[in-house]
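Notes for the structure review
Below are the chains, spelled out letter by letter.
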Amino acid sequence: MKNNTDNFWHNLMLNQKFEHPRKLPEIINIENMIDFCTNDYLGVNTIQELKHNINNYLTDLLQNDNVNIGATGSRLLSGNTYSHLKLEQLIAKTKGSESALIFNSGYQTNSTVMTALLKNLDKNKIKIFSDKANHASLHHAFQNLNLKQIRYAHNNLEHLDQRLKAYAQADNYIFIITESIFGMEGDKTDLLKLVQIASNYNALVYIDEAHATGIMGNNGYGLTSGLFDIYPNLIVMGTFSKALGAGGGYIACSKIIKNYLLNTCSGFIYSTALSPILTEAIYYVWSNLHTEYFSQLRKNLNDVAVYIRKSLQNLDFDIGVSNSHIIPIILKDVEKSQKMYDYLLKNNIKTSHIRPPTVAPNTCRIRLSICANHSMAQASKLIEILEMSKSRAMIINQLN
Ligand SMILES: Cc1ncc(COP(=O)(O)O)c(C=O)c1O
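Residues numbered from 1 in each chain as written. Predicted model: local features only at pLDDT ≥ 70, side-chain atom pairs only at ≥ 80, totals over all residues. Heavy atoms only, no water.

Helix length check: helix H4 (residues 106–118) (13 residues) gives 18 Å between terminal C-alpha atoms against 18 Å at 1.5 Å per residue, within 8%. For H4, the tally of buried residues reaches 11 of 13 residues, placing the bulk of the element in the interior. Those residues of H4 not exposed but buried are Gly-106, Gln-108, Thr-109, Asn-110, Ser-111, Thr-112, Val-113, Met-114, Ala-116, Leu-117 and Leu-118. Between the side-chain oxygen at the start of H4 and the backbone nitrogen of Tyr-107 there is a gap of 3.3 Å, and the oxygen is on Ser-105. (Helix = DSSP H or I, 4+ residues; strand = E, 2+ residues; numbered from the N terminus. Expected span 1.5 Å × (residues − 1). Buried < 20%, exposed > 50% of the residue type's maximum accessible area, 1.4 Å probe, protein only. Polar contact = N/O pair within 3.5 Å; in protein donor to acceptor, adjacent residues only side chain to side chain.)

What follows is the structure, given as structure tokens:
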């Protein structure tokens with residue numbers, strides 16, 4: 001093989017400049033660490049008893065030849081199985097929607113569902129109103145279709161209303177896009193107020209429940225459960241990759257929207273269906289979300305999150321608008337947040353270091369995700385280390 005630097009294409013890419021270069025993180029032996037980095041909020045991959053129960057359920061299915069590892073094809077060809085159908089029925093029932101549809105990832109769900117919804121409409125009449133802090137996957141379709149979004153200030157529904165008043169016209173196709181719990185800010189959207197505003201414009205509301213699914217709302221079914229009864233122009237999206245501990249995405253919607261997507265959504269039509277064994281693992285967790293076992297897990301998660309948020313505020317850390325299990329520590333510039341990340345890691349605490357373009361410039365942060373299996377002792381340890389970081393920083397500042 002020729003020297004890489006002689007290669008035209010490699011040189012082209014080498015010459016690209018990245019303001020905040022990314023690299024894959026080192027794989028750290030998590031055994032001696034406290035993990036505030038994972039999105040496995042319910043501890044599906046770490047709570048031994050839960051893992052054991054899921055393994056038993058899956059082993060039984062495999063031994064009795066009731067489930068396959070691979071779907072073998074798209075749902076519209078060979079890949080439609082009872083595992084997929086029963087999970088979709090369960091999602092629809094618990095979300096209060098007429099039906100549901102599952103996809104291979106949350107990203108694929110957002111990007112391809114949105115594309116399918118928009119691609120057959122007159123572009124001149126489309127108006128997309130979206131929260132400034134929405135996840136990258138929620139922008140993908142608009143970028144691809146060259147459609148401008150009208151962004152409103154983060155979680156500011158008055159601003160949304162003002163923007164609607166200013167830009168929405170009677171013959172427009174109005175879309176409103178938001179997350180129910182924001183993945184980087186940790187705050188919740190007032191969904192009742194949102195649909196009330198939306199109803200004045202007959203808008204199609206698309207709500208991403210990636211970070212709420214499994215932990216928030218009635219029995220952990222998300223913050224949108226019951227919302228379909230109030231507002232039918234609704235598509236609710238979520239992932240299985242976070243609290244469900246697996247991977248994949250879903251939408252809950254009307255039968256008519258599902259049928260439209262079966263006919264237009266390339267991410268559904270032309271992709272091999274989610275692995276049936278994974279679908280069963282997701283089914284196991286989802287079908288148990290209402291049990292005492294899971295409600296205890298959610299209670300613990302919430303108790304630990306409340307303790308950490310309060311303690312950080314008492315120490316004067318900027319946690320922004322968080323009121324959930326996602327807690328940012330906003331340190332503004334990248335050097336500071338990198339130092340904090342390294343310092344925590346040195347003290348056996350694993351977190352996520354979040355920088356632009358994932359978040360706005362000058363809002364670099366440490367993102368803490370609280371999980372059901374965090375103990376109060378681990379939470380106190382985190383606070384103790386952060387308190388020490390404060391006094392260390394003060395000493396350094398004085399010396400300088
Ligand atoms: C709000 C939100 N939506 C969608 C996604 C994409 O989900 P997935 O990781 O399952 O592709 C994420 C993932 O980080 C997310 O945070």
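As enumerated under the stated definition, the model contains one cavity of 30 Å³ or more in all. Computed from the structure, the largest cavity encloses a volume of approximately 80 Å³. Elements with a minimum of two residues in the lining of the largest cavity: strand S2 (99–103) and helix H10 (266–269). Looking at the lining of the largest cavity residue by residue, the classes come out as five nonpolar, six polar and one charged. (1 Å grid on protein atoms, 1.4 Å probe; cavity = no way out; pocket = protein on both sides within 12 Å on 5 of 7 lines; lining within 4 Å. Points joined across faces, edges and corners; volume = space filled by probe spheres on them. Nonpolar A, V, L, I, M, F, W, Y, C, P; charged D, E, K, R; others polar.)

Within the fold, Ser-99 resides in strand S2. Given the relative accessible area of 9%, Ser-99 is considered buried. Separated by 3.3 Å, the side chain of Ser-99 and the backbone oxygen of Ser-254 make a polar contact.

So, about the domain arrangement of the protein. Once the domains are mapped, the protein shows domain 1 (28–51 + 291–399) and domain 2 (75–288). Its C-alpha centre places domain 1 at a distance of 28 Å from the equivalent point of domain 2. Summed over both partners, the interface of domain 1 with domain 2 buries about 1900 Å², with 59% contributed by carbon and sulfur atoms. Here domain 1 and domain 2 share one salt bridge between them. Measuring nitrogen to oxygen at the nearest pair gives 3.2 Å for the salt bridge that ties Arg-365 to Glu-185. Elements with a minimum of two residues in the side of domain 1 that touches domain 2: helix H12 (292–314), strand S9 (326–332) and strand S12 (364–369). The greatest single-element share of the side of domain 1 that touches domain 2, amounting to three residues, is contributed by H12. A breakdown of the residues in the side of domain 1 that touches domain 2 according to their chemical character gives 10 nonpolar, eight polar and four charged. (Domains from an automatic or database assignment. Buried area = accessible area lost by both parts, 1.4 Å probe. Salt bridge = Lys/Arg side-chain N within 4 Å of Asp/Glu carboxyl O.)

Moving on: a nonpolar patch on the surface. Together, Phe-8, Trp-9, Leu-12 and Met-13 line one region of the surface with nonpolar side chains, adding up to about 490 Å² of accessible area. Taking the relative accessible area as the measure of exposure, Met-13 reaches 57% and is therefore exposed. (Patch = residues over 30% accessible without salt bridge, like charges linked within 9 Å, V, L, I, M, F, W, Y side chains within 5 Å. Areas by Shrake-Rupley, 256 points an atom, 1.4 Å probe, with all protein chains shown as cover.)

Around the ligand there are 13 residues in total, and Tyr-107, Asp-208, His-211, Ser-241 and Lys-242 lie nearest to it. Ser-241 has a polar side-chain atom sitting 2.8 Å from an oxygen atom of the ligand. Protein contact buries 82% of the 380 Å² of open area that the ligand shows by itself. Element by element, the count of residues in the shell around the ligand is highest for H4, at three residues. Partitioning the shell around the ligand into residue classes produces two nonpolar, eight polar and three charged. (Near = heavy atom within 4 Å.)

Another point: the packing of helix H6 (residues 157–167) against helix H7 (residues 191–199). If you want to describe how two helices pack, look at the angle between their axes and the distance between the axes. Packing of H6 against H7 leaves a shortest axis separation of 10 Å and a crossing angle of 10°. One element, H6, and the other, H7, form an angle in the roughly parallel class. Contacts between H6 and H7 involve Leu-157, Glu-158, Leu-160, Asp-161 and Leu-164 on the former and, on the latter, Lys-193, Leu-194 and Ile-197. Of the residues belonging to the contact of H6 with H7, the class tally is five nonpolar, no polar and three charged. (Axes fitted to C-alpha atoms, helices over the stretch in contact; angles between N-to-C directions. Parallel < 35°, antiparallel > 145°, perpendicular 65-115°, else oblique. Contact = heavy atoms within 4.5 Å.)

Attention now moves to the environment of Glu-31. With respect to the helices and strands, Glu-31 occurs in the loop between helix H1 (8–14) and strand S1 (34–35). Under the relative-accessibility criterion, Glu-31 is labelled exposed at 69%. Taking the C-alpha atoms as reference points, Glu-31 and Asn-45, separated by 14 residues in sequence, lie 13 Å from one another.

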